[in-house]
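Here's the letter readout for the chains.
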Amino acid sequence: MNVYITKAATFLPNKAVGNDDMEKFLGMIDGKPSKARKLILRSNGIQQRYYALDENGNATHTNAEMAANAVRRLLDSQFSIDDIDVLACGTASPEQILPSHGVMVHGELGGDRNIEVVSLAGSCCAGVDALKYACMSVQMDSNLNAVATASEKTSAWMRASYFQKETEQLRQLKQQPMIAFQKEFLRWMLSDGAAALLIQGKPSDSGLSLRVDWIEVTSYANTMETCMYAGAEKSDDGKLHGWASYPTDQWLNQSLFSLKQDTRLLSDYIVKLGVEYLLQLSKKRQFTPDDVDWFLPHLSSIFFKDKILEESARQGFFVPAEKWFYNLPCIGNVGSASAFFMLEELMRSGKLKKGQKVLLMVPESARFSYCYCMLTVC
């Protein structure tokens with residue numbers, strides 16, 4: 001049975017923050033401007049992003065509030081909050097361990113009905129994981145209405161105050177109070193925001209819909225070590241040691257809960273494995289680059305665009321740049337929500353035509369997972 005994305009909505013907190021104003025919101029580590037910021041920004045191509053913070057670093061929205069705001073923008077006279085049967089919520093940045101992120105979103109939404117809620121955790125794939133759950137729910141019962149959300153509030157992890165104890169500890173040890181590049185790298189990459197998709201068993205009566213032809217997800221964790229992580233430290237042998245195995249004073253002294261990226265692993269494998277998996281899917285699902293009208297790649301950095309073009313040409317599945325659609329420069333990297341943001345903008349762009357095929361790609365560097373999704377405009 002067919003399922004359709006019939007509506008998409010997004011929520012971005014506050015006003016866009018330009019490259020020169022980032023440290024007004026995030027603060028300066030050890031009171032000094034970052035030496036790495038301009039270098040990283042020059043490579044990633046991001047011109048502005050959004051933070052759920054004011055200029056004093058105070059929170060303006062929670063993750064759950066942003067997700068609920070995105071869901072509310074799906075609502076109209078034909079579809080109310082009480083028409084939602086299933087709510088699937090993905091995020092990489094929940095604001096509590098328990099309760100789950102999904103039920104926190106449900107709590108923000110309110111309504112008069114108790115509904116099925118599921119939370120998908122992880123990193124960038126969490127949004128498409130939520131979409132897949134929503135699609136499977138409607139496939140099992142075509143009378144259901146399902147909503148998938150993806151949302152991030154990573155700014156909370158990037159504020160300078162988050163690293164204060166570590167810089168103080170380094171100074172006490174008479175070492176240079178400079179945060180390691182693997183911790184600073186993601187401070188200049190990430191953005192806050194939320195998006196929501198409405199999944200139904202028939203196309204919309206007004207406007208275009210996207211039929212979900214298939215969603216494929218895979219993990220390379222059986223062969224790859226961890227690349228991006230938080231709430232843990234990585235030893236020289238590649239093993240990850242979680243926060244619960246450290247004494248509590250080390251949680252702050254080592255900025256244990258900061259987001260960290262092994263940029264060497266990222267550069268060596270993220271593109272190669274993603275194209276390798278795409279080639280496998282093209283054979284399994286019987287499609288070629290000529291069948292793809294729009295390619296929506298989740299990019300953490302514009303740096304990877306040429307890398308993907310080069311590697312896909314090398315492996316024999318080349319989708320030319322004129323078929324690409326992305327919005328990284330103007331909204332930043334919103335993690336698990338980035339794919340939904342691209343879909344929402346493309347759906348309202350006026351560029352889609354019935355019968356076109358849209359291929360969505362989401363790589364996740366955490367331990368190298370990938371999502372691909374094929375959609376048909378109808």
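Residues numbered from 1 in each chain as written. Predicted model: local features only at pLDDT ≥ 70, side-chain atom pairs only at ≥ 80, totals over all residues. Heavy atoms only, no water.

J.: How do you make sense of the overall build of the protein when you look at a structure like this?
T.: The helix and strand inventory of the protein stands at twelve helices and 15 strands. Seen along its three principal axes, the alpha-carbon backbone of the protein occupies a region of about 65 × 55 × 40 Å. Across the 378 residues of the protein, 55% fall into the buried class. At a minimum sequence separation of 6, the contacts of the protein that also span at least 24 residues come to 81%. Looking at the protein as shown, the accessible area adds up to about 16,500 Å², and 49% of this sits on carbon and sulfur atoms. (Helix = DSSP H or I, 4+ residues; strand = E, 2+ residues; numbered from the N terminus. Buried < 20%, exposed > 50% of the residue type's maximum accessible area, 1.4 Å probe, protein only. Contact = heavy atoms within 4.5 Å. Areas by Shrake-Rupley, 256 points an atom, 1.4 Å probe, with all protein chains shown as cover.)

J.: What exactly am I supposed to notice about the state of the cysteines here?
T.: Formally, a disulfide is one covalent bond, and it connects the sulfur atom of one cysteine to the sulfur atom of another. The tally for this structure, following the rule as stated, stands at zero disulfides. Free cysteine C135: the closest other cysteine sulfur is in C373, separated by 6.9 Å. Assessed through its relative accessible area of 4%, C135 is described here as buried. In this structure C371 is not part of a disulfide, and its nearest cysteine sulfur, from C125, lies 3.3 Å away. (Disulfide = S-S within 2.5 Å.)

J.: Before we go on, may I ask you to explain empty space enclosed by the protein in this structure?
T.: It is a probe the size of a water molecule, rolled over the atoms, that shows where empty space is left. A full pass over the atoms with the stated rule returns four cavities of 30 Å³ or more. If you add up the space inside the largest cavity, you get close to 70 Å³. As for the largest cavity, its lining consists of V275, L278, F295, I308, L309, S312, F317, V319, W324, M361 and Y372. No other element matches the three residues that helix α10 (residues 303–315) contributes to the lining of the largest cavity. When grouped by side-chain class, the residues that make up the lining of the largest cavity number ten nonpolar, one polar and no charged. (1 Å grid on protein atoms, 1.4 Å probe; cavity = no way out; pocket = protein on both sides within 12 Å on 5 of 7 lines; lining within 4 Å. Points joined across faces, edges and corners; volume = space filled by probe spheres on them. Nonpolar A, V, L, I, M, F, W, Y, C, P; charged D, E, K, R; others polar.)

J.: What is the right way to look at the pairing of strand β1 (residues 4–11) in this model?
T.: Regular strands place their side chains on alternate faces of the sheet. Counting buried residues in β1 gives seven out of eight residues, a clear majority hidden from the surface. As judged from the two bridges shared by β1 and strand β8 (residues 210–219), these two strands associate in the antiparallel manner. Bridging from a neighbouring strand, I5 pairs with L210 of β8. Both β1 and strand β7 (residues 193–200) contribute to a ladder of seven bridges, which runs antiparallel. Looking across to β7, one finds that I5 is bridged to I199. (Pairing = 2+ DSSP bridges.)

J.: Sorry if this is basic, but what is going on with the packing of helix α9 (residues 263–285) against α10 here?
T.: Each pair of packed helices can be summarised by the angle the axes make with each other and by the distance between the axes. At their nearest, the axes of α9 and α10 sit 10 Å apart, and the two run at 45° to each other. Between α9 and α10, the crossing angle belongs to the class labelled oblique. Crossing hand, α9 versus α10: right-handed. On the side of α9, the interface is formed by L266, I270, V271, K272, V275, E276 and L279, while α10 contributes F304, K307, I308, E311, S312 and Q315. Here the contact of α9 with α10 is composed, by residue class, of seven nonpolar, two polar and four charged. (Axes fitted to C-alpha atoms, helices over the stretch in contact; angles between N-to-C directions. Parallel < 35°, antiparallel > 145°, perpendicular 65-115°, else oblique. Left-handed = near helix turned anticlockwise from the far one by under 90°.)

J.: Just to check I follow, could you spell out the environment of G45 for this structure?
T.: Mapped onto the secondary structure, G45 falls in the loop between α2 (37–44) and β3 (48–49). On the accessibility criterion, G45 (19% relative accessible area) is buried. With 144 residues separating them in the primary sequence, G45 and M189 have C-alpha atoms 9.5 Å apart.

J.: Please clarify how unusual backbone geometry should be interpreted in this entry.
T.: Negative phi values dominate among residues other than glycine, just as trans dominates among peptide bonds. Following L98, the chain continues to P99 via a peptide bond in cis, the omega torsion being -5°. Mapped onto the fold, P99 is located in the loop between β4 (86–91) and α4 (101–109). Even without being glycine, Q286 reaches a positive phi, approximately 60°. By the element assignment, Q286 lies in the loop between α9 and β13 (294–297).

J.: Explain the nonpolar core to me, please; I cannot follow it from the model alone.
T.: The tendency in soluble globular proteins is for nonpolar side chains to be buried as a group. With 50 residues, the main nonpolar core has Y51, F287, L359, F368, Y370 and Y372 as its most contacted residues. Of all elements in the fold, only α1 (22–26), α2, α9, α10, β14 (357–364) and β15 (369–377) reach the threshold of two or more residues within this core. Of the residues forming this core, the biggest block, nine residues, is contributed by α9. (Core = buried A, V, L, I, M, F, W, Y, C linked by side-chain atoms within 4.5 Å.)

J.: Explanation requested: a nonpolar patch on the surface in the structure shown.
T.: A contiguous nonpolar surface patch, about 380 Å² in accessible area, is contributed by I97, L98 and W243. Mapped onto the elements of the fold, I97 is located in the loop between β4 and α4. Looking at I97, the relative accessible area reads 71%, which means it is exposed. (Patch = residues over 30% accessible without salt bridge, like charges linked within 9 Å, V, L, I, M, F, W, Y side chains within 5 Å. Salt bridge = Lys/Arg side-chain N within 4 Å of Asp/Glu carboxyl O.)

J.: Can you help me understand the layout of surface pockets in this one?
T.: Empty space within the second largest pocket amounts to approximately 550 Å³. Here the lining of the second largest pocket gets three residues from one element, more than from any other, and that element is β1.

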